[in-house]
Amino acid sequence: MMDRTAFRRTLPRLRRIFSGTGQSSAFRCVSNAVKSDVKKHRVRKSLRTLCLVALAIPLGCDLPDRYDIESFEKPAPWHSDASSSYASQASNTARPSSAADAMRQSGMPEILTPGQSPSAAMGTVSGKPASQASAGGIANRLADEWETWQIHSLRSTILGGIHAKSTRTVDNQIKVELEEQGLTYRGMLQILESNQQTFWHDANGDLKKVDCTFRRGPIESHRTIEITASEVQFVDDRLVTTQKKTLRINSPLGGPLHVYQTLRRKPLKEGETREAKVLLPIMGEVATLRLQHNSLASPSVLTPQGFQEVVLQEASCLLSLDPKRQRESVYWFDDQGQVQLYHVSNEQRFSYGCKESQYKLLGKEFLNQDYPIALQVQGKPLETESSLLAGDLRQVGYKILWAKPPAPESVTSDEEEATEPESDTPDDDDNSRIALAPRQYLQRGGDGVEQKLIVSRVPVPQSKLRDRFDQFGGEDTPADVAATSLVDYRSATVRRIAKATANSPDFTTAERAMEMNRTVHSLLSFRPLSQGMRPASQIADSSTADSTEQSILLMALLRSAGIPSRMVLGIRHQAADHISPTKDLALPFQTRARLPDGNRFVYHAWVVAKVDDQWICLDPVEGTETKPDCLAIESTDMKDIDPIDLVEKFIDKLSRMQISIYAVVRGA
C-alpha cells in the first residue's frame, strides 16, 4: 500500500510519463520496440490508465480526509446479543438505523444518504472543517479542563439541559461537576426534576468518589458513593432513614460522563472500539460501555448562528447492565472530541451542545422554574378584573375526573387534541379519593370517576349539607401529637421558639395556634424551592423555607403545646402577576409556554390542627387560614413515613386528576 510520502515522490515521475517528456526506461523500451506512431500512442494510453488504477487503490485507503458518500449507508440495528452484533459492526461506518428513524420522526435533518452530496457551506462549530483540525492542537490541549452545555429537546420542545465542568485540582485529581435540570410532564402536570453530581477521579481517570443530590418535585434526597479497588459503597440519605448498599467490582470504573472524557482525551479513530466499566449513580448500578466509531456524518447541530449542517465524527454507544437491559445511543463529536449532539436510540429526544449564552436563553423555561409542581386547571377563571372587585373568594366548586396514570415525560404537541381521561373506575379506591381537609366538602354519588368538591372560606352549616357531602372529621390520635424524626419538638431550638410564642394565659387554644402560625410566617421567608423535608430543629435555624418546611416547623410548635396537627400536601392557585411569558418566536426552538392559558395551580403544603373541638387549616406561608383556592390531595401525621414515597404517591394521584372549576362565588 502506498503512503502519502511515496505518492509525493512518485508524482513528478508520473507527470513526465503522461506528458511524454523525460520518459522512463520502461517506456523507452516500448518505444524502441514499436516504431509506429499509432502503436506508440496506444501503449502510452494503456500505461496511463494502468497507473491511474494503481493509484486509485491507495488513495482510497490512505487519505482519511476523503469524504466518501457511500459511508453513509445504514447498518442493521443493534441486537440484544451485544457480543456478536457489536463485532459485526466494527467495519460498518454508519449510525444505527433506530437513531436515523427517530431523527426523521422528530423532524430533525437526516444525515446524507447515497446519491446526495455535502453542502459547500458545511462547516463545524469551530468554524473550520472537522477533517482539518490540527494534530498539534489536539495533543497540546488540556484534556481534563473543559466545560460544556447541552439542551434536551423532544419534538422541538425544550425539556431541560446539562451543564458539566471538568477541572484538575491542586492534588492532581480530576473533578467533574454535573448539573442537570428539566421538566417532566405527566398529562398537564409539570414536575421539576434535577440532579447535581460531583465526581472525583484519580490522575488516571479512575472514579473514586461521587456526591449526588436529586430533586423530584418538592423534595430533595442525597447519595454518597465511595469506590475502592474491589467494591462500590452507596449511602442514601432518605431524610428519615439511611440506606446502604455494596457492589463488588473487579476493574476500575468511569462515571456517566465517561464518553465525554475519553473523547476529549483521545478522539475516537475510524473503526476504533473502546470498552469500559462505568458507574450509573442514579440507578446505583455498574454497566459495561462499548463505544464504536462509525463514520463522518452531517447532522444538524446548534451553532452560534443557529441550526447548521456540519461535518462531524459519529460513534455508537451500547450501555449494558445485562443482556436484557441495554441502551443504545449515538454521539456526534468534532476532531477535538467535543460532543455536539447526543441521541438515545428509539427515543425522540436529542441533546444539543451549545454556548453558555444559548443555554441560559433557551433554557430559561426550566432554569427559572419557580415551583416544583404546577398544574393547569381549566374552567371558570379564579382571577379577572371584575371578580377581584367583587371581593375575596367565598366558595369554589371543583370537578375532578379520575384517569389511569399517564406515561411520564409526555409532552402534548400543539397539533394533538386534548383527550378525555379513560372512564374505567380505578381499582384502588384509596387512590381515587383526595384527602379531605377542613371546609372541603365532597359530593356523594356517581361512579367514582367524576367527583365534585366544594371548598368554602367558612364552615358550611350541617343543615345545608343534608348528608349529601363527605367532609373532614374524626377524632385525633396519639400520632397527631407525637414527636418524630422530622417533627422533633423536644429540641432546644423549637422549645425556645414555642416558649416565646403565645405564652399568655389568656389565649384560647385557637388563638395560640393562630399566633404560632403568624410566628412561623414572620420567622421564615418563603422560598418555593428548598430541600423539602428536614427536621424542625434545622428549619428553626434557617431564614428561608418552602411551604413543606414551614408546615413541619408549625406542627412542631403546635405539638409542643399539645395541639394535634397533621400536614396536608395539595395545590394552590398562583396569582397571574407571578406568571411571566416564555414564548419567543426569535429563538431557534419554539419554547413551550409555561402552561396554557387558564388557572395555574402550584404545589403547596399547610397544616390542619384541632383546636376547641374543631379542625382548622393553617397556612404558615400566608400567616392565615387557607382560602378556597387551596385544594388538599394527601395528608399525613408524619409518623413512620418515607418522605420520598409520600411525595411519589402525591404526584401519582395528582397526575391522574383532571381538575376544572365549575363555580366561583365571591363577596362577604
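Residues numbered from 1 in each chain as written. Predicted model: local features only at pLDDT ≥ 70, side-chain atom pairs only at ≥ 80, totals over all residues. Heavy atoms only, no water.

1. Points about the overall build of the protein
Looking only at helices and strands, one finds 16 helices and 29 strands in the protein. In the protein, which comprises 668 residues, the share counted as buried stands at 48%. Contacts spanning at least 24 positions in sequence make up 65% of the contacts within the protein whose residues lie at least 6 apart. Accessible area of the protein: about 31,800 Å², with a carbon and sulfur share of 49%. (Helix = DSSP H or I, 4+ residues; strand = E, 2+ residues; numbered from the N terminus. Buried < 20%, exposed > 50% of the residue type's maximum accessible area, 1.4 Å probe, protein only. Contact = heavy atoms within 4.5 Å. Areas by Shrake-Rupley, 256 points an atom, 1.4 Å probe, with all protein chains shown as cover.)

2. With respect to unusual backbone geometry
Note on backbone geometry: most residues besides glycine have negative phi, and most peptide bonds are trans. At arginine 439, a residue that is not glycine, the phi angle is positive and equals roughly 70°. Tracing the backbone through its elements, the reader meets arginine 439 in the loop between β18 (393-402) and β19 (440-443). Judged by its relative accessible area of 8%, arginine 439 falls in the buried class.

3. Digging into the environment of aspartate 144
Its location among the elements puts aspartate 144 in the loop between α6 (135-140) and β1 (146-154). As for aspartate 144 and isoleucine 174, which are separated by 30 residues in sequence, their C-alpha atoms are 7.0 Å apart. Excluding its chain neighbours within four sequence positions, the residues that come into contact with aspartate 144 are Ser166, Thr167, Arg168, Ile174 and Arg265. At a separation of 2.8 Å, a polar atom in the side chain of aspartate 144 contacts the side chain of arginine 168. (Polar contact = N/O pair within 3.5 Å; in protein donor to acceptor, adjacent residues only side chain to side chain.)

4. Quick word on the packing of aromatic side chains
Taken as a whole and assessed by the stated rule, the structure comprises nine aromatic pairs. Ring plane angle 35° and centroid distance 6.4 Å describe the contact between phenylalanine 350 and tyrosine 352, whose orientation is recorded as tilted. Just as phenylalanine 350 is buried, tyrosine 352 falls in that class too. Sitting above the plane of the tryptophan 200 ring, lysine 209 keeps its charged end 5.4 Å from the centroid. A cation sits over an aromatic face here: lysine 245 above phenylalanine 234, 4.9 Å from the ring centre. (Phe/Tyr/Trp six-rings, centres within 6.5 Å; stacked < 30°, edge-to-face > 60°. Lys NZ or Arg CZ within 6 Å of the ring centre and 35° of its normal.)

5. Things to note about helix α12 (residues 492-500)
What α12 keeps buried is the set Thr493, Val494, Ile497 and Ala498. Seen end-on, α12 carries its buried residues on one side only, within an arc spanning 130°. Away from its buried face, by an angle of more than 90 degrees, α12 presents the exposed residues Arg496, Lys499 and Ala500. Turning to α12, the residues buried within the fold contact α13 (509-523), α14 (536-540) and α15 (547-560). Downstream of α12 by one or two residues, alanine 502 has phi in the positive range, about 50°. (Arc of directions from axis to C-beta.)

6. Considerations on the pattern of salt bridges
Applying the stated rule across the entire model yields 26 salt bridges. Across the pair glutamate 177 and lysine 175 runs a salt bridge, and its minimum N-O distance is 4.0 Å. For glutamate 177, a relative accessible area of 33% translates into the label partly exposed. Its relative accessible area of 25% is what places lysine 175 among the partly exposed residues. The salt bridge partner of arginine 572 is glutamate 622, with a shortest N-O separation of 3.2 Å. (Salt bridge = Lys/Arg side-chain N within 4 Å of Asp/Glu carboxyl O.)

7. A short note on the pairing of strand β3 (residues 174-186)
Of the pairings in the sheet, the one linking strand β2 (residues 157-168) to β3 comprises nine bridges and is antiparallel in character. In the sheet register, arginine 168 faces β3, and the bridge partner there is isoleucine 174. Examined bridge by bridge, β3 and strand β4 (residues 189-201) share 13 bridges and lie antiparallel to one another. Directly across from tyrosine 185, in β4, lies its bridge partner glutamine 190. Connecting β3 to the next strand, β4, in antiparallel fashion are two residues, including glycine 187 with a positive phi near 65°. (Pairing = 2+ DSSP bridges.)

8. Points about the nonpolar core
Ranked by size, the top nonpolar core spans 75 residues in total, and within it Tyr398, Met533, Leu558, Met638, Leu654 and Ile659 carry the most contacts. Not counting chain neighbours up to four residues away, the residues in contact with methionine 638 comprise Thr484, Leu486, Val487, Met533, Ile552, Met555 and Met567. Among the nonpolar cores identified, the runner-up in size contains 36 residues, and Val232, Val259, Tyr260 and Val344 belong to it. (Core = buried A, V, L, I, M, F, W, Y, C linked by side-chain atoms within 4.5 Å.)

9. With respect to a negative patch on the surface
A surface patch of negative charge is lined by Asp506, Glu511, Asp612 and Asp613. Position of aspartate 506 relative to the elements: it lies in the loop between α12 and α13. With relative accessibility at 65%, the residue aspartate 506 sits in the exposed group. (Patch = residues over 30% accessible without salt bridge, like charges linked within 9 Å, V, L, I, M, F, W, Y side chains within 5 Å. Lys, Arg positive; Asp, Glu negative; His and termini not counted. Charge placed at Lys NZ, Arg CZ, Asp CG, Glu CD.)

10. What about the side chain of arginine 223?
Mapped onto the elements of the fold, arginine 223 is located in strand β6 (residues 219-227). Since its relative accessible area comes to 14%, arginine 223 is described here as buried. Of note is the side chain of arginine 223, whose polar atom sits 2.5 Å from the backbone oxygen of proline 281. Sequence-distant contacts of arginine 223, defined by excluding residues within four places in its chain, comprise Val210, Asp211, Cys212, Phe214, Phe234, Val235, Asp236, Pro281, Ile282, Met283 and Gly284.

11. Some details on the environment of isoleucine 174
The topology assignment puts isoleucine 174 in strand β3. Residue classification places isoleucine 174 among the buried positions, given a relative accessible area of 1%. Sequence separation between isoleucine 174 and aspartate 206 is 32 residues, and the spatial gap between their C-alpha atoms is 9.1 Å. Once residues within four sequence positions are removed from consideration, isoleucine 174 is found in contact with Asp144, Ser166, Thr167, Arg168, Phe199, Trp200, His201, Asp202, Ala203, Gly205, Gln261 and Arg265.

12. As for the packing of α12 against α15
The axes of two packed helices give the description: the angle between them and the distance between them. The contact between α12 and α15 brings their axes to 10 Å, and the two run at 70°. It follows from the interaxial angle that α12 and α15 lie roughly perpendicular. Regarding α12 and α15, the two cross each other, and that crossing is right-handed. On the side of α12, the interface is formed by Val494, Ile497 and Ala498, while α15 contributes Leu553, Ala556, Leu557 and Ser560. (Axes fitted to C-alpha atoms, helices over the stretch in contact; angles between N-to-C directions. Parallel < 35°, antiparallel > 145°, perpendicular 65-115°, else oblique. Left-handed = near helix turned anticlockwise from the far one by under 90°.)

13. Digging into the confidence of the model for the protein
Per-residue pLDDT for the protein averages 76, and the proportion of residues at 70 or more is 69%. Mean pLDDT across the elements of the protein bottoms out in helix α4 (residues 82-88) (36) and peaks in α15 (96). Note on residues 1-36: pLDDT under 50 across the span, and 29 contacts to partners over four residues away in sequence or across chains. Here residues 38-43 scores under 50 on pLDDT; set against residues more than four positions off or in separate chains, the count is three contacts. (pLDDT = per-residue confidence, 0-100.)

14. Some points on the packing of α13 against α15
Running from amino to carboxyl end, α13 crosses α15 at an angle of 145°, the nearest separation of the two axes being 10 Å. For the pair α13 and α15, the sense of crossing is right-handed. Between α13 and α15, the contacting residues are Ala513, Met516, Asn517 and Val520 on the first element and Gln550, Leu553, Leu554, Leu557 and Leu558 on the second. Along the lines of polarity and charge, the residues of the contact of α13 with α15 split into seven nonpolar, two polar and no charged. (Nonpolar A, V, L, I, M, F, W, Y, C, P; charged D, E, K, R; others polar.)

15. Things to note about the pairing of strand β25 (residues 599-611)
A large share of β25 lies buried, amounting to 13 of its 13 residues. Taken together, the four bridges between strand β17 (residues 373-379) and β25 define a ladder with antiparallel strand orientation. Each bridged residue has a counterpart across the sheet, and for leucine 375 the counterpart in β25 is phenylalanine 601. With nine bridges connecting them, strand β24 (residues 565-573) and β25 associate as antiparallel partners. Along β25, the bridge assignment pairs methionine 567 with valine 607.

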